[in-house]
Amino acid sequence: FFFNDTATTEIYTQAFVGSVRCVQETGSDTDPDVSKLEGELHKVAEELKGQEFVFIKTDIKEGFGKRVSDFFAMDESLLPTVVIVEETDRTIMYKLNGEIKAEEIKKFIEEFRKGKIPRYVMSESIPAGNFGPFYKVVAKSFNQEVLENDLDVVVEFTASWCGNCKKVDAILKSLAEALVDNKKIKFCEIEMTKNELPDITIKGYPHIKLYPGLNKTNVATLSGDRSQEQVIAFLKGNCSYPLVVPEIKPAEEVAKGKEDLQCCLLYTSPSPRDLSTSRMPSSA
């Protein structure tokens, strides 16, 4: 199959026991090496025809293929590549680390059948200059930033399409700034459309969890209202260490204040060549 909108229905409605398993070549038809690599995959597809795998290819430069690539957060620098995509109650991917040759692909499939291939976990790159007070966490850094310390760590799980996440994001950033001198609490966010955490299932956004410093397994989840007052009450009730929150403005007022400040700076800082023609109002 060539993986596109037309083929999707046929691929995902075939009768497989428990799951759909796709051996997928991902690359670009504009790459001169791809046609040769496709031939290697085709050899294996012919040999294993009728078994539990569907063999497909995706051109990441096309609209549908680009969406597939983005969904799995495939780094273009790693392409072309071959992956096994297993669909059960969730999507799991396994990536070939060897050369794209028929024998290597067959070995890859056999090792997968024996359960010897670790799953591929998508992750953004670890950000440089991540100094807080509101930290960006990715899958690769989640354990280090969240679990492997004795801090109370607040994590906001977000999705790029989530409109309500912006409001919660502003509240948590406001709290992080207010508590910047508290060395026992840390505020983080992770974008779940670009990062995968195999042991954590998030069913709705925005989603806030607290990982207590003295017992990381006793994870608390904020449900219901996510107002600033509710978030503060949630933290005070679940943090390992006493939490004293200074009086702070609501997040909406903080954002409005920043907008007003930017406006003031715009009118009080004309460039030198505009000084003579400035239309700024004179002082009363």
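Okay, so let's go over this structure. Computed from a predicted model, the values in this text were never measured in an experiment.

What follows concerns helix H6 (residues 164–178). Along its 15 residues, H6 runs 22 Å from first to last C-alpha, staying within 8% of the 21 Å computed at 1.5 Å per residue. Those residues of H6 that sit buried are Cys165, Val168, Asp169, Ile171, Leu172, Ser174, Leu175 and Ala176.

This next bit is on the packing of aromatic side chains. Tallied over the full model, the rule gives four aromatic pairs. Here Tyr94 and Phe112 contribute two aromatic rings whose centre-to-centre distance is 4.9 Å and whose plane-to-plane angle is 65 degrees, an arrangement assigned as edge-to-face. In this pair, Tyr94 is assigned in strand E4 (residues 91–95) and Phe112 in helix H4 (residues 102–113), connecting sequence segments 18 residues apart. Here the aromatic rings of Trp161 and Tyr205 are separated by 5.6 Å at their centres, their planes lie at 85 degrees, and the arrangement is edge-to-face. Of this pair, Trp161 sits in the loop between strand E6 (152–158) and H6 while Tyr205 sits in the loop between strand E7 (185–191) and strand E8 (207–211), and the two are 44 residues apart along the sequence. Here Trp161 falls in the exposed class, since its relative accessible area comes to 60%. The class of Tyr205 is partly exposed, set by a relative accessible area of 24%. By the ring-pair criterion, three or more aromatic residues cluster together here, those being Phe142, Phe157 and Tyr211. Lying across the ring of Tyr241, Lys184 places its NZ or CZ 4.8 Å from the centre.

By the criterion of burial, E6 is predominantly enclosed, with seven of the seven residues buried. Both faces of E6 are covered, namely the face carrying Asp152, Val154, Glu156 and Thr158 and the face carrying Val153, Val155 and Phe157. Where E6 lies against E7, seven bridges are found, and the strand directions are parallel. Pairing of Val155 across the sheet is with Cys188, part of E7. Following the chain from E6 across H6 to the adjacent parallel E7, one finds a crossover that is right-handed. Relative to E8, E6 runs antiparallel, the two being bridged by five bridges. Residue pairing across strands places Val154 opposite Leu210, the latter belonging to E8.

Turning our eyes to something else, we now look at the state of the cysteines. Summed over the entire model, instances satisfying the criterion amount to one disulfide. With its sulfur 2.4 Å from that of its partner, Cys162 forms a disulfide with Cys165. On the sign convention where negative is left-handed, the bridge of Cys162 and Cys165, at about 95 degrees about the S-S bond, is right-handed. Among the residues examined, Cys165 registers a relative accessible area of 5% and is labelled buried.

Moving on: the nonpolar core. If you look at the biggest cluster of nonpolar residues, it comprises 21 residues, and the most contacted ones within it are Leu172, Leu175, Phe187 and Leu235. Within the residue set of this core, elements represented by two or more residues are H6, E7, E8, strand E9 (220–222) and helix H7 (228–238). The dominant element in this core, judged by the number of residues it contributes, is H6, at five residues. Setting aside residues no more than four positions away along its own chain, Leu172 makes contact with Phe134, Val154, Glu156, Phe187, Ile208 and Val231. Counting 18 residues, the second largest nonpolar core, distinct from the first, contains Leu48, Phe53, Ile100 and Phe108.

Cut-offs applied
Residues numbered from 1 in each chain as written. Predicted model: local features only at pLDDT ≥ 70, side-chain atom pairs only at ≥ 80, totals over all residues. Heavy atoms only, no water. Helix = DSSP H or I, 4+ residues; strand = E, 2+ residues; numbered from the N terminus. Expected span 1.5 Å × (residues − 1). Buried < 20%, exposed > 50% of the residue type's maximum accessible area, 1.4 Å probe, protein only. Phe/Tyr/Trp six-rings, centres within 6.5 Å; stacked < 30°, edge-to-face > 60°. Lys NZ or Arg CZ within 6 Å of the ring centre and 35° of its normal. Pairing = 2+ DSSP bridges. Right-handed = clockwise from strand over helix to strand, strands pointing away. Disulfide = S-S within 2.5 Å. Core = buried A, V, L, I, M, F, W, Y, C linked by side-chain atoms within 4.5 Å. Contact = heavy atoms within 4.5 Å.

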